[in-house]
Amino acid sequence: MAGCVRLTVLGVARCWRQFEGPWTRSLSSRSLALAAAPSSSASPWRLLGALCLQRPPLVSKLLTPLQEEMAALLQQIEIERSLYSDHELRALDEAQKLAKKKSDLYGEEEDEQNILLLQDLEDMWEQKFLQFKPGARITEADVKNDRTSVHRKLDRNLILLVREKLGDQDVWMLPQAEWQPGETLRRTAERTLATLSENNMEAKFLGNAPCGHYKFKFPQAMRTESSLGAKIFFFKALLLTGDFFEAGKKGHHVWVSKEELGDYLKPKYLAQVRRFLLDL
Amino acid sequence: LDAAAGTRERGAARLSDPRAAHRGPDRLGARARKRPSATGRHGGRGAESGSAPAEPASGSAADADEGRAPAGFVAVVLGTRAHECHVSTRSRGQRGKCLVFALSFRAEPLQKKKKVDPKKDQAAKERLKKRIRRLEKASQELVPIEDFITPVKFLNKARQRPPMELPFEENERRALLLKKWALYKQCEHEMERGAIASLLEAQQEALQELKLSAPELHAEATKRDPSLFPFERQGPDYTPPIANYQPPEGRYHDITKVYTQMEFKR
């Protein structure tokens with residue numbers, strides 16, 4: 001187990017080394033490098049806890065053409081292998097009676113019996129069904145492409161991104177906070193959620209362990225003896241209830257599906273984040 | 001005489017101690033309290049097992065001889081006296097009891113209720129147990145599985161569909177579709193497996209990094225989260241929930257059959 005972990009770390013390190021170099025600007029230079037393991041007990045990496053808040057889908061996805069065909073075939077096979085139900089038996093009887101009525105000349109005897117045909121029943125049921133207005137699968141937020149609203153893309157997982165100022169640049173990232181001594185990293189992520197939503201949102205955290213990480217070194221100007229770079233650890237949570245307040249948050253947050261992440265996140269950060277997001 | 005009887009009694013009590021260990025201290029006290037009036041014999045009975053030198057009184061030896069009267073005799077004597085007295089039963093396993101006689105001239109043989117009562121109780125219990133066992137053997141009804149019992153109305157032949165022969169093209173289409181579906185499902189499974197493997201890999205790497213920089217945080221991260229399970233979530237439906245929806249009024253009658261099975265110990 002330790003052996004394969006070591007191998008994967010080395011493999012990733014190789015990829016990381018390929019990306020070193022080209023970034024020279026102040027903060028876009030998130031050059032990844034293997035941490036030179038400090039001999040002292042105090043690690044030079046600052047620890048940050050980040051929150052990967054997901055809004056789970058409310059609606060099932062549309063079926064692909066193959067799936068539609070298969071569903072139709074299975075339904076057909078089920079009908080072929082079944083017995084007649086009461087409803088169908090009644091339909092057969094009534095069809096027989098109608099045929100008989102047409103061929104016979106006497107029609108008055110039949111009218112005393114129940115006039116309510118199966119066809120009438122089915123029409124009544126149809127009318128009742130049409131009166132019910134279900135919720136829309138494609139919401140107005142989809143139509144307007146309003147990415148700040150939670151009620152968009154109801155069939156996908158949506159992730160929360162926030163825009164923060166790092167140095168002199170605005171960067172889109174997953175909400176994060178600095179780790180303070182005396183708390184666990186999961187507690188840091190919970191704190192992030194509380195401060196971000198002002199205690200309006202409730203989420204279910206999926207376990208104590210982080211689901212992913214991102215490591216970067218500070219640019220030369222910012223490096224000190226104690227802080228060489230930072231490690232961000234992501235914690236997954238599912239949104240249960242709540243949303244942001246309307247005022248004051250415009251332009252600072254966005255709910256985004258996995259394909260749209262590329263519009264916002266930096267490449268290396270994106271690469272790390274995509275690994276722990278399930279593609280539905 | 002009384003004094004002698006008293007000493008004899010005490011002596012008898014002393015002698016009786018090693019043999020009558022099961023008797024409580026109250027017996028001795030009771031004996032001391034309830035001195036029968038004319039029981040030189042009564043006191044003397046205690047001496048029959050003991051050795052003579054233990055008797056402090058000199059006149060006890062003669063009385064001891066006299067005192068070796070059979071229990072029944074003594075009982076009869078006592079019975080005619082209409083006094084509260086002890087029945088000294090020296091044999092092991094039997095406990096003397098305090099008997100009260102209402103009439104003096106009812107000279108019935110004394111019944112040891114304790115002998116018969118436990119037997120009667122035991123007999124009654126055994127009879128009950130026998131009945132219970134018979135009931136057990138008779139009925140061990142198992143809870144019926146409703147899915148395995150075909151309701152009678154579905155055995156009607158009129159319900160069966162007429163046998164249908166599918167045309168050749170339809171069969172071909174179905175076979176091809178099933179093959180395509182099998183391939184699609186295989187690809188889907190491989191994709192899911194890959195996704196899960198990549199999730200796990202990312203998590204293991206994150207834990208490794210955490211271990212390198214902060215071992216104590218790593219230890220806390222690898223602890224179990226007891227609040228995670230049982231994990232319940234409503235799955236996605238075809239349409240989203242409507243805000244402020246008023247469901248139609250009506251009552252819900254639950255007609256599921258509930259069976260209780262009695263469990264008998266064997």
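The rules we used
Residues numbered from 1 in each chain as written. Chains lettered and ligands numbered in written order. Predicted model: local features only at pLDDT ≥ 70, side-chain atom pairs only at ≥ 80, totals over all residues. Heavy atoms only, no water. UniProt positions renumbered as here; feature names shortened; annotations may be inferred. Helix = DSSP H or I, 4+ residues; strand = E, 2+ residues; numbered from the N terminus. Buried < 20%, exposed > 50% of the residue type's maximum accessible area, 1.4 Å probe, protein only. Contact = heavy atoms within 4.5 Å. Areas by Shrake-Rupley, 256 points an atom, 1.4 Å probe, with all protein chains shown as cover. Salt bridge = Lys/Arg side-chain N within 4 Å of Asp/Glu carboxyl O. Buried area = accessible area lost by both parts, 1.4 Å probe. Polar contact = N/O pair within 3.5 Å; in protein donor to acceptor, adjacent residues only side chain to side chain. Nonpolar A, V, L, I, M, F, W, Y, C, P; charged D, E, K, R; others polar. pLDDT = per-residue confidence, 0-100. Phe/Tyr/Trp six-rings, centres within 6.5 Å; stacked < 30°, edge-to-face > 60°. Lys NZ or Arg CZ within 6 Å of the ring centre and 35° of its normal. Lys, Arg positive; Asp, Glu negative; His and termini not counted. Pairing = 2+ DSSP bridges. Core = buried A, V, L, I, M, F, W, Y, C linked by side-chain atoms within 4.5 Å.

- The name an unreviewed UniProt entry assigns to chain B is Large ribosomal subunit protein mL40, from the organism Monodon monoceros.
- On record in UniProt, under Sequence similarities (unreviewed entry), the comment for chain B is "Belongs to the mitochondrion-specific ribosomal protein mL40 family."
- The UniProt entry for chain B carries this comment under Subcellular location (unreviewed entry): "Mitochondrion".

- Going by what an unreviewed UniProt entry lists, chain A is known as Large ribosomal subunit protein mL46 and is assigned to Monodon monoceros.
- Here is the UniProt Sequence similarities (unreviewed entry) comment for chain A, exactly as written: "Belongs to the mitochondrion-specific ribosomal protein mL46 family."
- Quoted verbatim from the Subcellular location (unreviewed entry) field of the UniProt record, the comment on chain A reads "Mitochondrion".

Re the overall build of chain B
Argument step 1. Helix and strand content of chain B: 8 helices and 2 strands.
Argument step 2. Along chain B, from the amino end to the carboxyl end, the secondary structure elements read α-α-α-α-α-β-β-α-α-α.
Argument step 3. Looking at the 266 residues of chain B, the share that counts as buried comes to 20%.
Argument step 4. Across chain B, the fraction of contacts at a sequence separation of at least 24, relative to all contacts at a separation of at least 6, is 64%.
Argument step 5. Carbon and sulfur atoms provide 57% of the accessible area of chain B, an area that totals close to 21600 Å².

With respect to the side chain of Arg174(B)
Argument step 1. Here Arg174(B) lies in helix H7 (residues 168-213).
Argument step 2. Note on Arg174(B): relative accessible area 8%, which makes it buried.
Argument step 3. If near-sequence neighbours (up to four positions away) are discounted, Arg174(B) is found in contact with Leu73(A), Gln76(A), Ile77(A), Glu80(A) and Leu166(B).

Looking at the pattern of salt bridges
Any two side chains of opposite charge can pair, given that their charged atoms come close.
Argument step 1. One pass over the full model with this rule turns up 25 salt bridges over all chains.
Argument step 2. Close ionic contact of Glu209(B) with Lys215(A) constitutes a salt bridge, the shortest N to O distance being 3.0 Å. You can see Glu209(B) sitting in helix H7 and its partner Lys215(A) sitting in strand E6 (residues 212-217), one on each of two chains.
Argument step 3. Taking relative accessible area as the criterion, Lys215(A) reaches 2% and is therefore assigned buried.
Argument step 4. Put simply, Glu190(B) and Arg193(B) hold a salt bridge, and the shortest N to O gap is 3.2 Å. With Glu190(B) and Arg193(B) both in helix H7, this residue pair falls 3 residues apart, about one helical turn.
Argument step 5. On the accessibility criterion, Glu190(B) (43% relative accessible area) is partly exposed.
Argument step 6. Connected through salt bridges with shared partners, the residues Arg147(A), Arg152(A), Lys153(A), Arg156(A), Glu259(A), Glu260(A) and Asp263(A) form a single ionic network.

Some words on the interface of chain A and chain B
Argument step 1. Taken together, the contact pairs 61 residues of chain A with 51 residues of chain B.
Argument step 2. Between chain A and chain B, a total of about 4900 Å² is buried, with carbon and sulfur atoms accounting for 62% of that surface.
Argument step 3. Our count for the chain A to chain B interface comes out at 9 salt bridges.
Argument step 4. In this structure, the salt-bridge partner of Arg186(A) is Asp225(B), at a minimum N-O distance of 2.8 Å.
Argument step 5. Across the contact surface, chain A and chain B share 22 residue pairs in polar contact (both at pLDDT 80 or more).
Argument step 6. Elements with a minimum of two residues in the side of chain A that touches chain B: helix H1 (2-19), helix H2 (65-80), helix H3 (86-103), helix H7 (185-197), strand E5 (202-205), E6 and strand E7 (229-241) of chain A.
Argument step 7. Here the side of chain A that touches chain B is built from residues that sort into 34 nonpolar, 14 polar and 13 charged.

Digging into the confidence of the model for chain A
Argument step 1. Here chain A averages 80 in pLDDT, while 79% of its residues score no lower than 70.
Argument step 2. Here residues 1-40 of chain A scores under 50 on pLDDT; set against residues more than four positions off or in separate chains, the count is 55 contacts.

Some words on the packing of aromatic side chains
Argument step 1. Scanning all chains against the criterion turns up 8 aromatic pairs over all chains.
Argument step 2. Relative to Tyr245(B), the ring of Phe132(A) lies with its centre 6.1 Å away and its plane at 75 degrees, an arrangement referred to as edge-to-face. On the criterion of chain membership, the pair formed by Phe132(A) in the loop between helix H5 (118-131) and helix H6 (140-144) and Tyr245(B) in the segment after helix H8 (215-221) is interchain, its members lying in two chains.
Argument step 3. Relative to Tyr269(A), the ring of Tyr214(A) has its centre 5.0 Å away and its plane inclined at 85 degrees; by these criteria the two rings are edge-to-face. With Tyr214(A) in strand E6 and Tyr269(A) in helix H8 (residues 267-275), this pair connects stretches of sequence that are 55 residues apart.
Argument step 4. An aromatic cluster is built from Tyr214(A), Phe216(A), Phe218(A), Phe234(A), Tyr269(A) and Phe276(A), whose rings are joined through pairwise contacts.
Argument step 5. Taking the ring centre of Tyr238(B) as reference, the NZ or CZ of Arg137(A) above it sits at 4.4 Å.
Argument step 6. Of note, Lys215(A) hangs over the ring of Trp45(A), and the distance from its end group to the ring centre comes to 5.5 Å.

Remarks on unusual backbone geometry
Only a minority of non-glycine residues have a phi that is not negative, and only a minority of peptide bonds are not trans.
Argument step 1. Residues Phe229(B) and Pro230(B) are joined by a peptide bond in cis, for which omega reads 0 degrees.
Argument step 2. When you line up the elements, Pro230(B) lands in the segment after H8.
Argument step 3. Phi is positive for Asn145(A), which is not a glycine, with a value near 55 degrees.
Argument step 4. Following the sequence through the fold, Asn145(A) ends up in the loop between H6 and strand E2 (158-166).
Argument step 5. Positioned with a positive phi, Asn244(B) is a non-glycine residue whose angle comes to about 55 degrees.
Argument step 6. Mapped onto the elements of the fold, Asn244(B) is located in the segment after H8.
Argument step 7. By relative accessible area, which is 75% here, Asn244(B) ends up exposed.

A short note on the side chain of Arg137(A)
Argument step 1. Turning to its location among the elements, Arg137(A) is positioned in the loop between H5 and H6.
Argument step 2. This buried residue, Arg137(A), is left without a salt bridge; Asp155(A) holds the nearest opposite charge, at 5.4 Å.
Argument step 3. A distance of 2.6 Å separates a polar atom in the side chain of Arg137(A) from the backbone oxygen of Tyr238(B).
Argument step 4. Ignoring sequence-local partners within four residues, the contact set of Arg137(A) consists of Val59(A), Ser60(A), Lys61(A), Leu62(A), Asp142(A), Leu154(A), Tyr238(B), Thr239(B) and Pro240(B).

Brief notes about the pairing of E6(A)
All names here are of chain A.
Argument step 1. Judged by how many residues are buried, E6 sits mostly within the fold: 6 of 6 residues are covered.
Argument step 2. Both faces of E6 are covered, namely the face carrying Gly-212, Tyr-214 and Phe-216 and the face carrying His-213, Lys-215 and Lys-217.
Argument step 3. Bridge count between E6 and E7: 6 bridges; the pairing is antiparallel. Note that in E7 the partner of Lys-217 across the bridge is Gly-229.

Observations regarding the nonpolar core
Argument step 1. With 27 residues, the main nonpolar core has Leu161(A), Phe234(A), Tyr269(A), Val273(A) and Phe276(A) as its most contacted residues.
Argument step 2. Those elements that provide at least two residues to this core are strand E1 (45-55), E2, strand E3 (169-173), E6, E7, strand E8 (253-256) and H8 of chain A.
Argument step 3. In this view, Phe276(A) contacts Cys52(A), Leu174(A), Cys211(A), Gly212(A), Phe234(A), Lys236(A), Leu199(B) and Ala202(B); residues no more than four positions away in its chain are not counted.
Argument step 4. In this structure, Met201(A), Ala206(B), Ala214(B) and Leu217(B) belong to the second largest nonpolar core, which totals 25 residues.

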